[in-house]
Every structure is written in structure tokens, then in C-alpha cells.
Amino acid sequence: MAPESLTTGAIIENLDTVISFTEDHADLFNLPAKKKFGLLVAVEEAFVNICHYAYPGKYGDVTVF
């Protein structure tokens, strides 16, 4: 079973890790392809925004549940 949450640094280099985590969980819940695609787009947008704007000039983490 996949972990229930993921905490990672809020840096663009971690986007693939966040997307993989999200995709694994979408598959666990048998999300239909169209909904899975929408979820992945939303998570990518949210993560990128956090990376760019949440921690100006300093390091921070993001937790995905």
C-alpha cells in the first residue's frame, strides 16, 4: 500500500515526485482517466504555485495528503 502522505521540499525539482505520488493514489482509487488527468493538472498547478510564491527567499516544505 502507498504511503498516506508525502512531504517534500517546495522546489520545482520535486514536481515529478509529487506527480508520481498523486498518480499512484489515483490508481489505487481506480480514478477514471479523465478525472485522473484533471487531478494531475490541478496538483501540478498548485505545487508549482507553492514553489514560486509560498516561501519567497527561503526554503519550505509541501505536504500532499
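Up top is the structure these notes are about.
What comes next concerns the included structure. (Residues numbered from 1 in each chain as written. Predicted model: local features only at pLDDT ≥ 70, side-chain atom pairs only at ≥ 80, totals over all residues. Heavy atoms only, no water.)

### Here's the deal with the packing of helix 1 (residues 15–28) against helix 2 (residues 33–53)
1) Next: Viewed as axis vectors pointing N to C, helix 1 and helix 2 meet at an angle of 150°, and their least axial separation amounts to 10 Å. The orientation of helix 1 relative to helix 2 falls into the category roughly antiparallel. Judged by the sense of rotation from one axis to the other, the crossing of helix 1 with helix 2 is right-handed. Where helix 1 abuts helix 2, its residues Leu15, Val18, Ile19, Thr22, Glu23, Ala26 and Asp27 lie against Lys36, Leu39, Leu40, Val43, Glu44, Phe47 and Val48. (Axes fitted to C-alpha atoms, helices over the stretch in contact; angles between N-to-C directions. Helix = DSSP H or I, 4+ residues; strand = E, 2+ residues; numbered from the N terminus. Parallel < 35°, antiparallel > 145°, perpendicular 65-115°, else oblique. Left-handed = near helix turned anticlockwise from the far one by under 90°. Contact = heavy atoms within 4.5 Å.)

### A word on the nonpolar core
1) Next: Counting 12 residues, the largest nonpolar core consists of Leu6, Ala10, Leu15, Val18, Ile19, Phe21, Leu40, Val43, Phe47, Cys51, Val62 and Val64.
2) Next: The set of elements that each furnish at least two residues to this core consists of helix 1, helix 2 and strand 2 (61–64).
3) Next: Leaving out residues up to four positions away in the same chain, Leu40 has contacts with Ile19, Thr22 and Glu23. (Core = buried A, V, L, I, M, F, W, Y, C linked by side-chain atoms within 4.5 Å. Buried < 20%, exposed > 50% of the residue type's maximum accessible area, 1.4 Å probe, protein only.)

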